[in-house]
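# Coordinate inspection notes
What follows is the residue order along each chain.
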Amino acid sequence: MGEKKASRFGFYLGLTELADEHRDIIVLDADLPKTTGSEAFRKAHPERFLNVGISEQNMVGMCAGLARVGYVPFCGSMAVFAAGRAFEIIRNSVAYPSLNVKIVGSHGGITAAGDGGTHQCIEDLAIMRALPNMVVLSPCDSNQAAKLAKIAYEHDGPLYVRTSREPTEDITTMDDEIELGKAQKLLDGEDLCIVSTGMMSVIAYEAAKELQTDGISCSMLNIHTIKPFDSEAVRKEVARCHGRVLVAEEHNCIGGLGDAVARSLVGMDGISFEHIAVEDRFGQSGATAELLAAYGMTKENVADKARALIKG
Amino acid sequence: MDVSGLKEKARQLRLDVLDMVLKAGSGHIGGSFSAADIVAALYYSVMKLDGEDRDLFVLSKGHAAPLIYAVLADRGIVDRREKDRLRAYGSPFQGHPDSNKCPGIDCSTGSLGQGVSVAVGMAYGLKAKGSSAHVYVLTGDGELQEGICWEAFMAASQQMLDNLTVIVDRNRLQLSGCTEDIEALGDLRAKAEAFGFDAEEIDGHDFSAIIPALQRRAEGKPRFIVADTVKGKGVSYMENRYEWHGNLPKGDQIAEAYKELGGRYDG
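Cut-off values and rules
In this convention, every chain numbers its residues from 1, walking through the sequence in written order. Chain A is the first chain written and ligand 1 is the first ligand written, with later ones labelled in order. Local features in this predicted model are restricted to residues of pLDDT 70 or higher, and side-chain atom pairs are both shown and tallied only at a pLDDT of 80 or more, whereas totals for entire chains, interfaces and linings draw on every residue. Side-chain figures throughout are based on the complete set of non-hydrogen atoms in the structure, without hydrogens or water. Strands are runs of DSSP state E lasting at least two residues, helices are runs of H or I lasting at least four, and both sets are numbered from the N terminus onward. A radius of gyration in this sense is built from C-alpha atoms; the matching globule rule multiplies 2.2 Å by the number of residues raised to 0.38. Using a 1.4 Å probe on the protein chains alone, a residue whose accessible area is under 20% of its type maximum counts as buried, one over 50% counts as exposed, and one in between counts as partly exposed. Should any heavy atoms of two residues lie within 4.5 Å, those residues are considered in contact. The accessible surface values rely on the Shrake-Rupley method and a 1.4 Å probe; as for residues, cover is taken only from the protein chains in view. A residue counts as positive if it is Lys or Arg and as negative if it is Asp or Glu; His and the chain ends are not included. Taken as the charge centre is NZ of Lys, CZ of Arg, CG of Asp or CD of Glu, depending on the residue. Here, a salt bridge means any side-chain nitrogen of Lys or Arg that lies within 4 Å of a carboxyl oxygen of Asp or Glu. Given the number of residues in a helix, its expected span is that number minus one, multiplied by 1.5 Å. Following DSSP output, two strands are said to pair if at least two bridges run between them. Axes, fitted as lines to C-alpha atoms, cover a helix only where it is in contact. Angles between the N-to-C directions of the axes lie from 0 to 180 degrees. Domain delimitation follows an automatic or database domain assignment. By definition, the buried area sums, over both parts, the 1.4 Å-probe accessible area that each loses when the two are put together. Counted as a polar contact is a pair of N or O atoms within 3.5 Å, where, for protein atoms, one must be capable of donating a hydrogen and the other of accepting one, and residues adjacent in sequence contribute only when both atoms are in side chains. Pairing of aromatic side chains here covers Phe, Tyr and the six-membered ring of Trp, requires ring centres within 6.5 Å, and sorts the geometry by plane angle: under 30 degrees stacked, over 60 edge-to-face, intermediate tilted. Put simply, a charge is over a ring when the Lys NZ or the Arg CZ is close to the ring centre, within 6 Å, and near the line of the ring normal, within 35 degrees.

## Focus on the overall build of chain A
For chain A, the helix and strand inventory stands at 13 helices and twelve strands. Its C-alpha atoms give chain A a radius of gyration of 19 Å, within 12% of the compact-globule value 20 Å for 312 residues. On the principal axes, the C-alpha backbone points of chain A span a range of 55 × 40 × 35 Å. Burial status across chain A gives 63% buried among its 312 residues. The long-range fraction of contacts in chain A, counting pairs at least 24 apart against all pairs at least 6 apart in sequence, stands at 80%. Carbon and sulfur atoms make up 49% of the accessible area of chain A, which totals about 11,600 Å². Each charge class in chain A was averaged separately, 31 positive and 43 negative side chains, and the resulting centres sit 2 Å apart.

So, in structure tokens, the structure goes:
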């Protein structure tokens, strides 16, 4: 296994490299460059980096202005401030006019850990996917985050990317071919289909490998694009897996990947649906492993839920 | 255009606003009238409207949309007939300016305060590119109660955006009353100076003050113009009354408004 890396850093490594070639990329940050990962960009391209201070609303508003004069601005903070504090600016000054602004929310989910519930964003995917014109990305690991930086740049329009604080093993490679709006098949199997996003894809992947030794073969779809959602791939794969689907996400159970999957399966017969997500409660302080256990985000829980699905 | 020409333009713009809002059955007359002279000065005298380095205008007080629509129709940027379709389904003249639906709108606005921030982003980007274009943003005074304005002001002075001019339509009234009774704005010129602007206060209905103020630049500093204005300016019974923020004249008031603006009411 390789070195553990966090997707928040991977994303900006990808963007920093891309910016050598693309001079229209500019990055804004609200006084958290070392936290969000944008420090790498600041070091490489200081002339195209702006720290606007602790003012997420103005950061997004300025990005709308920069997009209007021809830049491709990326701006970020912790997800709770990027998607939350600045929400209505994103809605009315970015999504409504459909401007080419990219919002990068780091520290998605409960693994902001020690900072506690105020800083653990469990609702960003829900609020961002509810916005017309908005594309929503959620890489599973550092490699994928780096690849999504290019995809984000190449997409002309408003876009939100959620990255994670927690370093993990990479389960994808820089050579993987991924496409905006298309589910990524990580494992072939037929007993059940795991549909996951973000760091939960890494955890579910480990669980699926263990289940395999028990003779349970999991198909696994990693959803790096939450919106537009690849309903067709999900329907097809779940149908092939006898209607058994397990959704795993580090997000509230309301409004995230689970809802997107459930909606895509409406009308299909014989669906068995399990969902690992935050059960509509806020996060709290704790060590990462403690929190993951307390909120059911473990490979053991994934394996248990998978076995329960197969037992029926 | 000379001052008498600008006065005539502003009068015509006010009449067009009245036409449009009455036809639509809703819209904001008071704040459109208070800003009419400033907007006339920008579009008929001060701004460079064509070419790659054309100036940009952000109507951050987006509810004064009929005023900018009147300009766009008059300049032929939008078909004049669209003036009959303010707030209508499918119209370029949405209730608040929509840059995707209406040509000539540099920024969608309507949610107060955001236009200021977008204008700061535009000015920052243009300056970074070495463009000579200038960015003008018009805000209401009540609008400055939104915190994002002050975040944006800090950024503008920090980045030394001397290609930005903020104009405050200081009519001292907001939807539900007097700004100073609701959430006092106080000495805006002093506040702007404290935020690092080159600021001045002018009579927002006097073209001989408006034009030089809009043209003035301060090296290394953004500009801030507190334009003292009268809400409902041009129709005596509307002047300085907050009720005319969003209300429409009725009955005899309609003919009276046209008469005072020197227009004809076709009923």
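## A few points about the pattern of salt bridges
Summed over all chains, the structure comprises 34 salt bridges over all chains. Linking R240 of chain A and E237 of chain A is a salt bridge whose minimum nitrogen-to-oxygen distance equals 2.7 Å. Taken together, the positions of R240 of chain A and E237 of chain A, both in helix α10 (residues 231-240) and three residues apart, correspond to about one turn of that helix. For E237 of chain A, a relative accessible area of 7% puts it in the buried group. With its nearest N and O atoms 2.8 Å apart, the salt bridge here joins D106 of chain B to R54 of chain B. Here D106 of chain B, found in the loop between α3 (65-74) and α4 (114-128), pairs with R54 of chain B, found in the loop between α2 (30-46) and β1 (56-59); they are 52 residues apart in sequence, far enough to count as distant. By relative accessible area, which is 32% here, R54 of chain B ends up partly exposed. One salt-bridge network, held together by shared partners, links K185, D188, E237 and R240 of chain A.

## Digging into helix α13 (residues 299-311) of chain A
For α13 of chain A, spanning 13 residues, the distance from its first C-alpha to its last is 18 Å, which sits close to the expected 18 Å at 1.5 Å a residue. Among the structural elements, β8 (192-196), α9 (199-213), β11 (244-252) and β12 (272-278) of chain A are those in contact with the buried residues of α13 of chain A.

## Digging into the sheet that holds β12 of chain A
Residue and element names in this part refer to chain A. Strand order in this open sheet of five strands is β7-β9-β8-β11-β12, and the pairing throughout is mixed. Of all strands in the sheet, those with a lone pairing partner are β7 (184-187) and β12, marking the two edges. Mean inter-strand twist for the sheet, computed between neighbouring axes without regard to direction, equals 20°. Note that β7 and strand β9 (residues 218-222) share three bridges and pair antiparallel. Across the sheet, K185 pairs through a bridge with L221, a residue of β9. α10 contacts β7, β8, β9 and β11 of the sheet and is inclined by roughly 170° relative to β9.

## Notes on the domain arrangement of chain A
Residue and element names in this part refer to chain A. As far as domains go, chain A holds domain 1 (7-162) and domain 2 (184-311). Here the C-alpha centroids of domain 1 and domain 2 sit 26 Å apart. Listed per partner, the contact involves 30 residues of domain 1 and 33 residues of domain 2. Across the interface of domain 1 and domain 2, roughly 2,300 Å² is buried in total on both sides, 57% from carbon and sulfur atoms. Per-residue buried area on domain 1 facing domain 2 is highest for I110, I122 and R129; these three make up 31% of the total on that side. On inspection of domain 1 and its partner domain 2, the count reaches zero salt bridges. The interface formed by domain 1 and domain 2 contains 19 residue pairs in polar contact (both at pLDDT 80 or more). Element by element, the count of residues in the side of domain 1 that touches domain 2 is highest for helix α7 (residues 124-129), at four residues.

## Remarks on the packing of aromatic side chains
The geometry of an aromatic ring pair is captured by two quantities: the separation of the ring centres and the angle between the planes. Summed over all chains, the structure comprises eleven aromatic pairs over all chains. Ring geometry for F197 of chain B and F224 of chain B: centres 5.3 Å apart, planes at 80°, overall edge-to-face. Note that F197 of chain B is positioned in the loop between α7 (188-194) and β6 (198-203) and F224 of chain B in strand β7 (residues 223-228), a separation of 27 residues in sequence. On the basis of relative accessibility, which here comes to 2%, the residue F197 of chain B falls in the buried class. Here the aromatic residues W150, F153, F195, F197 and F224 of chain B are joined through ring pairs into a cluster of three or more. Here the guanidinium or amino end of R281 of chain A rests over the ring plane of Y295 of chain A, the centre of that ring lying 4.0 Å away. A cation over a ring is seen here: K129 of chain B above Y71 of chain A, with NZ or CZ 5.1 Å from the ring centre.

## Quick look at the environment of M128 of chain A
Residue and element names in this part refer to chain A. Within the secondary structure, M128 is located in helix α7. Each C-alpha atom of the pair M128 and A260 lies 13 Å from the other, and the pair is 132 residues apart in sequence. Setting aside anything within four residues of it in sequence, one finds M128 in contact with A83, F87, I90, M134, V136 and Y160.

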